[in-house]
There are 4 protein chains.
Amino acid sequence: MILFNSDYLEGCCPQILQKLQDTNLEQTPGYGCDDYCESARALVRRLCGRPDADVHFLVGGTQTNATVIASVLKPYQGVMCASTGHINVHETGAVEHTGHKVIALPSVDGKVSGADVQACLEGHFGQDGPEHEVQPGMLYLSYPTELGTLYTREELTDFKRVCGKFGIPLFVDGARLGYGLASEKCDLTLQELASLCDVFYIGGTKQGALFGEAVVICNEKLRKDFRYFIKQGGGMLAKGRLLGLQFETLLSPEQGSGTGAEGMGNSLYVALAREADRKAAALRDAFAAAGCEFFVQSFTNQIFPILSPELVSRLEGRFGYQLWRVLPDGRTVARFCTSWASSTYNVEKLIDLLKN
Amino acid sequence: MILFNSDYLEGCCPQILQKLQDTNLEQTPGYGCDDYCESARALVRRLCGRPDADVHFLVGGTQTNATVIASVLKPYQGVMCASTGHINVHETGAVEHTGHKVIALPSVDGKVSGADVQACLEGHFGQDGPEHEVQPGMLYLSYPTELGTLYTREELTDFKRVCGKFGIPLFVDGARLGYGLASEKCDLTLQELASLCDVFYIGGTKQGALFGEAVVICNEKLRKDFRYFIKQGGGMLAKGRLLGLQFETLLSPEQGSGTGAEGMGNSLYVALAREADRKAAALRDAFAAAGCEFFVQSFTNQIFPILSPELVSRLEGRFGYQLWRVLPDGRTVARFCTSWASSTYNVEKLIDLLKN
Amino acid sequence: MILFNSDYLEGCCPQILQKLQDTNLEQTPGYGCDDYCESARALVRRLCGRPDADVHFLVGGTQTNATVIASVLKPYQGVMCASTGHINVHETGAVEHTGHKVIALPSVDGKVSGADVQACLEGHFGQDGPEHEVQPGMLYLSYPTELGTLYTREELTDFKRVCGKFGIPLFVDGARLGYGLASEKCDLTLQELASLCDVFYIGGTKQGALFGEAVVICNEKLRKDFRYFIKQGGGMLAKGRLLGLQFETLLSPEQGSGTGAEGMGNSLYVALAREADRKAAALRDAFAAAGCEFFVQSFTNQIFPILSPELVSRLEGRFGYQLWRVLPDGRTVARFCTSWASSTYNVEKLIDLLKN
Amino acid sequence: MILFNSDYLEGCCPQILQKLQDTNLEQTPGYGCDDYCESARALVRRLCGRPDADVHFLVGGTQTNATVIASVLKPYQGVMCASTGHINVHETGAVEHTGHKVIALPSVDGKVSGADVQACLEGHFGQDGPEHEVQPGMLYLSYPTELGTLYTREELTDFKRVCGKFGIPLFVDGARLGYGLASEKCDLTLQELASLCDVFYIGGTKQGALFGEAVVICNEKLRKDFRYFIKQGGGMLAKGRLLGLQFETLLSPEQGSGTGAEGMGNSLYVALAREADRKAAALRDAFAAAGCEFFVQSFTNQIFPILSPELVSRLEGRFGYQLWRVLPDGRTVARFCTSWASSTYNVEKLIDLLKN
């Protein structure tokens, strides 16, 4: 059985395994204070065009979201988020566990609108005696969203403007950032993203690493004592070098990527994501050709075809996917993910099935 | 420079690396629901003689301690702990972060006494209207302690009796459990430990794994919904198989360990620890022969010689160790750790220095 | 200017003031362990028909809600609540501050439906691997709701059935309980309410006391160590007798209520509420006669007429009310509250204005 | 039986009761936004010589401590405190409940030393990589202490200097502030206290009010959004005016205190405390004359005589006191408290018993 259920089904890209092997017996200090982390930090800063940024490595997404949010908010503040946002629906209340409300905003195709964000902020700060309500203290977006969609540069610029007006930081969850940057529909660069938000992270777990998320704190006001937050939240890996060397590997130029050109687009990280996006696009086309509608139009590594009962039967036992929901008419919304590890062979086998 | 600063300086034992390589492209479900985790759970249960135990894998020690403690305590309860205990002094208040007081008890050589535990419990429950104080809700011990010392079976039995009298669970932090079980002074087996405490963990990070701690919940009352706690606390690794396959490797019989004999003593885990303990003992003897006193008598992989300023100078730039504290007389208490990765060559080089 | 903004504008009913005077120099133990509290507890138990219930006195509503909820939920659980519920929108995230998500359900006229509660519970418990989401752990209702509406006995019975099926306690916020029990539309008694929910409270602050809420824990599983929660949450009043004597006064039979008849309906508490409800009804009729529509049909002490700009002008400087919201068509939704302290004179002055 | 167990046995001073009566039917806005609160705030500011200070009224001590501390600390910070401090031993972990460690420092007679505070701060900030430990983020003192003792102006000045060096705020719990300011051993004024600490409170509950604590935030950096903290912590009283009018009464010049002289020393608050301190001194002399030693030398309203078993017998059933602890030699450490409500008659009856 071939699985497209998620983008964390396999181990890691071979280059990382090789590096683990090569460096295994080196002695390094713990907790992210080693040379691999330092080198990976330098790479991140350069790729983001932010030589001043603070860069920290954590292990997983829920941990990273809760840690960043807790480091930004005051105890009486909450975080604005799409109702479909990961922190609102899929992290077992990790944010509330740190004492903060997730203020769910309406979402369309996984995205919030600038108007809704503005209304939320004006509604709170525009009233007399707002202290009876949770104060919105930051905006959380995911790029790509949980539905595989992307904000445009214009939308992000608008969020930045609104948030800036109220002094509210903007945080971008980039658990699948590479699949976004590599998308045919992406209209911004990593450097632009870094300039539009206050803090974001570059996801590793779903993008070719064994695990790991690289937090980039652009806004200097949010940097103080962040390592305390990591440690307190249980996110400070003893053998921190494992994180450093994975990101160093992923963010370095892809081998054989040509004549020394450098930049995120040339990195192994984006190269792997680009290939996964292409495979997702091929699947999308095949589902469309097979007559499927889509729950949402997405152009990253996640696609959401709506399957007839008959197609569900044909896939059964041969191809795995994530059941997203069952529609009232009996059809099934499915999520198919590709990743750095999806083989052309497996993708073509699925396309073959859809053709017949 | 050769480092003895800690037991998490290197990567992992080669058997684990090999297994990562061998299984890299297998597709497995996430979050600990894969066959490697299942197999490792079965191994743990068998080695503990507890076919009923719940076994969960987390990433690191601070995370594990905070998660287990938060899963056991009610909001108004605290955890009793040696004043030198890791959760009291070295985890940035991760326990308090979840709302619970660490009730520090007096400690000698890293250990609490049954009498102090009993006094704490009787002091609280014996009074009228105790609700103005934090209720002691569990006892946390580390085995070995942070000072490398060990509780005896008799001491643990006494803790169990006292805790049982007040209905208080006993939790053993086994971040370095193997070094304890392999110690020449250890007088109990893993199965006995499992029968004496309500919940404990088998540490991987400091014992040959890249990372990972295996929580064993013996007391069935503490099992309900533990996975929610892991997820909420950010400890549920997406590629959970990485934890399963590491523990499966460590806990399997050492290759070439003989004619099918099985048990914790035969495992790679204990074999690696035994070798590390032996090397620590060799260093201990060498420090003693060189005229050093010890801050504490320990028989595991951590030793605490007291260094004269002259010896400090001779070590400088050649051998690293952890500075524990400076005594009023100017001498230095140092911690030297061995591990699965300490080479005979390096140990002998240090012994040579001490001889001359 | 005459204010109808809320039901906590004045001090307390004269009977309470008199009792404060009469008992001022008595010496009593603190923290709710005095005879006044004991006597008030006995009264509550008798009126509820629950001789076994635990009764505790706290100071205010937000404190009571957060304390009760934190005492019931496990750390990974959340509380289901109408989107308009007080804990969701007007308590500055006090519930989230204790680590729990408020799971907002759709609401109509301030009420949730049994179907939505059931869907929420089935959605969580019906899935495989639900530990990635917050577990719904209790249902919070307000009676009357924040919009002055009432659940029927049938609706409450249905909630009890659904909650019982999933082992979820039902908590009723009775900050304005008396106004509900005294309403012309109320179809249940205090004893019935007590039998339909697991824990609820009898509000004092808005019903004639200076302050105070009486928590009644019907479900014995929720009683253990509740005083620890009160103390830890800052709700244990040193001079606890102030709470006891206020509730003793309010819940005793109204003086002159006849020949020894006893019961909630005869209490000063309900008598004061009944009079306030009657005055609210008189205002409601007057607004209707003046051509006003209502934002919601309510039959307790809160009414929500929709005011034309012209009427807003006429009220200005003469009568105060709470601005609820401004409608797109420019009309104003207002909240007018009556209370034990609303004088017939003031009510008639407002009716006069509406007549002309 | 005459009780000296605590200073919150009775109701309130008659002047407050009268004011409650006089104002009972006035309509005021809620939550501390009324004229009584405004007037009391102005009085506090004037008496403190701090026209810029923020003044807030809360209900009780545990609530006030937890709220102030949570408003000052960052999530990874703890509060330094005498091991005997109220927040460490008598508030059911209310501080830990908000996520913060109480860092207990050695105490002598209820007091910490400047040297210990300095050592704690230097120990943390002087190390490399301190993020593995809780960061000390503020200093909590009580004035008077829980043992009735007082810091001198010099000691407080030293605390201010040390704290200032590390940018750490100093918080003074003044639950019994008046008894301190009125003490024969007090060497500082309210204005001096206000200039030496960053935030403190003027206790009402134990000093003649029904309840209430007045928080004075001197350091402007600690003022932002404090009302959110009060509300979230459940400490915002709906009928806030009750707090305002009590403090207005207590802090106004004592009636008949002479020719218009004004100041804290002339206030009803200090006048009542002075009288209580005098009565405690009279009891202290009587216990000493009866041959009792003292657990601690205190010069406020709390005294701690050590009672022989024989004296315990004679007191039994006639005079109540708080049992502090039993000494190994069988004698009893007792706490006797006087208050604004202790009558000369009762005090003399106890003195009579001690004389015979």
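Let me sum up the structure you'll find in this document.

Calculation notes
- Residues numbered from 1 in each chain as written.
- Chains lettered and ligands numbered in written order.
- Predicted model: local features only at pLDDT ≥ 70, side-chain atom pairs only at ≥ 80, totals over all residues.
- Heavy atoms only, no water.
- Least-squares fit on C-alpha atoms with pLDDT ≥ 70 in both.
- Contact = heavy atoms within 4.5 Å.
- Buried area = accessible area lost by both parts, 1.4 Å probe.
- Salt bridge = Lys/Arg side-chain N within 4 Å of Asp/Glu carboxyl O.
- Polar contact = N/O pair within 3.5 Å; in protein donor to acceptor, adjacent residues only side chain to side chain.
- Nonpolar A, V, L, I, M, F, W, Y, C, P; charged D, E, K, R; others polar.
- Pairing = 2+ DSSP bridges.
- Helix = DSSP H or I, 4+ residues; strand = E, 2+ residues; numbered from the N terminus.
- Axes fitted to C-alpha atoms, helices over the stretch in contact; angles between N-to-C directions.
- Core = buried A, V, L, I, M, F, W, Y, C linked by side-chain atoms within 4.5 Å.
- Buried < 20%, exposed > 50% of the residue type's maximum accessible area, 1.4 Å probe, protein only.
- Parallel < 35°, antiparallel > 145°, perpendicular 65-115°, else oblique.
- Phe/Tyr/Trp six-rings, centres within 6.5 Å; stacked < 30°, edge-to-face > 60°.
- Lys NZ or Arg CZ within 6 Å of the ring centre and 35° of its normal.

### Focus on the relation of the copies chain C and chain D
For the pair of chain copies, the relating operation is a rotation around an axis with a shift along it.
At step 1: When chain C is fitted onto chain D, the two copies agree to an RMSD of 0.0 Å after a turn of 180 degrees and an axial shift of 0.0 Å. Classification of the inter-copy transformation places it as that of a two-fold axis.

### Some remarks on the interface of chain C and chain D
At step 1: Across the contact, 44 residues belong to chain C and 43 residues belong to chain D.
At step 2: Between chain C and chain D the total buried area reaches about 4000 Å² when both faces are included, carbon and sulfur atoms providing 56% of it.
At step 3: When the area that chain C buries against chain D is broken down by residue, the three leading residues are Gln27, Gln232 and Lys239 of chain C, summing to 18%.
At step 4: The interface formed by chain C and chain D contains zero salt bridges.
At step 5: Here chain C and chain D share 25 residue pairs in polar contact (both at pLDDT 80 or more) between them.
At step 6: Grouping the amino acids of the side of chain C that touches chain D by side-chain chemistry returns 21 nonpolar, 17 polar and six charged.

### Section: the sheet that holds strand β8 (residues 213-217) of chain B
All names here are of chain B.
At step 1: Within the open sheet, the seven strands sit side by side as β2-β8-β7-β6-β5-β3-β4. Their pairing is mixed. Each edge of the open sheet is held by one strand with a lone partner, namely β2 (54-58) and β4 (102-105). On average, adjacent strands in this sheet sit at an angle of 25 degrees to one another, irrespective of strand direction.
At step 2: As paired strands, strand β5 (residues 135-142) and strand β6 (residues 170-173) are joined by four bridges and run parallel to one another. Residue pairing in the sheet places Ser142 in a bridge with Asp173 of β6.

### What to know about the nonpolar core
At step 1: Of all hydrophobic cores here, the largest spans 197 residues; its most connected members are Phe200 and Phe211 of chain A together with Phe200 and Phe211 of chain B.
At step 2: If sequence neighbours within four positions are ignored, Phe211 of chain B has contacts with Phe211, Leu237 and Leu242 of chain A together with Val59, Thr205, Leu237, Leu242, Leu243 and Gln246 of chain B.
At step 3: Judged by nonpolar contacts, the second largest core, of 194 residues, contains Ile202 of chain C together with Leu141, Val199 and Leu242 of chain D.

### Some points on the environment of Leu58 of chain B
Residues and elements named next belong to chain B.
At step 1: Take Leu58: it is sitting in strand β2.
At step 2: According to the relative accessible area criterion, Leu58 is buried, its value standing at 0%.
At step 3: Sequence separation between Leu58 and Val215 is 157 residues; the distance between their C-alpha atoms is 7.5 Å.

### Comments concerning the sheet that holds strand β4 (residues 102-105) of chain D
All names here are of chain D.
At step 1: Read across the sheet, seven strands follow the order β2-β8-β7-β6-β5-β3-β4 without closing on themselves; strand pairing throughout is mixed. If you trace the sheet from one side to the other, it starts and ends with β2 (54-58) and β4, each paired once. Neighbour to neighbour, the strand axes of the sheet diverge by 25 degrees on average, direction disregarded.
At step 2: Contacts from helix α2 (residues 35-48) reach β2, β7 (199-203) and β8 (213-217) within the one sheet, and its direction differs from that of β2 by about 125 degrees.

### Quick word on the interface of chain A and chain C
At step 1: Taken together, the contacts link 17 residues of chain A with 17 residues of chain C.
At step 2: In total, about 1400 Å² of surface goes out of reach between chain A and chain C, with carbon and sulfur atoms giving 48% of it.
At step 3: Looking at the side of chain A facing chain C, the largest losses of area belong to Thr92, Glu96 and Lys101 of chain A, adding up to 38% of the total buried there.
At step 4: The interface formed by chain A and chain C includes two salt bridges.
At step 5: Mapped by element, the contributors of at least two residues to the side of chain A that touches chain C are α4 (86-89) and α5 (94-97) of chain A.
At step 6: The residue makeup of the side of chain A that touches chain C, split by class, is four nonpolar, eight polar and five charged.

### Quick word on the packing of helix α6 (residues 114-125) of chain C against helix α7 (residues 153-166) of chain C
All names here are of chain C.
At step 1: Orientation of α6 relative to α7, taken along the N-to-C sense of each, is 5 degrees, at an axis distance of 9 Å. With respect to α7, the element α6 is oriented roughly parallel. Across the interface between the two elements, Gly114, Val117, Gln118, Leu121, Glu122 and Phe125 from α6 touch Asp158, Phe159, Arg161, Val162, Lys165 and Phe166 from α7.
At step 2: Here the contact of α6 with α7 is composed, by residue class, of six nonpolar, two polar and four charged.

### Overview of the packing of aromatic side chains
All names here are of chain A.
At step 1: Per the counting criterion, the structure on display carries 58 aromatic pairs over all chains.
At step 2: Connected via pairs of aromatic rings, a cluster forms that spans Phe4, Phe287, Phe319, Tyr321 and Phe336.
At step 3: Across the ring face of Phe299, the terminal group of Lys185 is positioned such that the distance to the ring centre comes to 4.6 Å.

### Overview of the relation of the copies chain A and chain C
At step 1: Least-squares fitting of chain A to chain C yields an RMSD of 0.0 Å, with the transformation described by 0.0 Å of translation along the axis and a rotation of 180 degrees.
At step 2: Of the residues that chain A buries at the interface, 100% are likewise interface residues in chain C, meaning the two copies contact each other through the same surface.

### Section: the pattern of salt bridges
At step 1: Counted according to the given criterion, the structure contains 72 salt bridges over all chains.
At step 2: Of the charged contacts, one joins Lys111 of chain A and Glu155 of chain A as a salt bridge, the two residues approaching to 3.0 Å between their closest N and O atoms. In this pair, Lys111 of chain A sits in the loop between β4 (102-105) and α6 (114-125) while Glu155 of chain A sits in helix α7 (residues 153-166), placing the two residues 44 residues apart along the sequence.
At step 3: The residue Lys19 of chain C makes a salt bridge to Glu248 of chain C at a minimum N-O spacing of 2.7 Å. Here Lys19 of chain C is found in helix α1 (residues 14-23), whereas its partner Glu248 of chain C is found in helix α11 (residues 241-251), with 229 residues between them in sequence.
At step 4: Among the residues examined, Glu248 of chain C registers a relative accessible area of 13% and is labelled buried.
At step 5: Members of the salt-bridge network, linked through shared partners, are Arg50, Asp52 and Arg223 of chain A.

### Some words on the environment of Leu283 of chain A
Residue and element names in this part refer to chain A.
At step 1: Assignment of secondary structure puts Leu283 in helix α12 (residues 268-289).
At step 2: Leu283 sits 20 residues away from Ile303 along the chain, and the two C-alpha atoms are 8.2 Å apart.
At step 3: With sequence-adjacent residues up to four places away left out, Leu283 is seen in contact with Phe4, Ile303, Thr338, Val347, Leu350 and Ile351.

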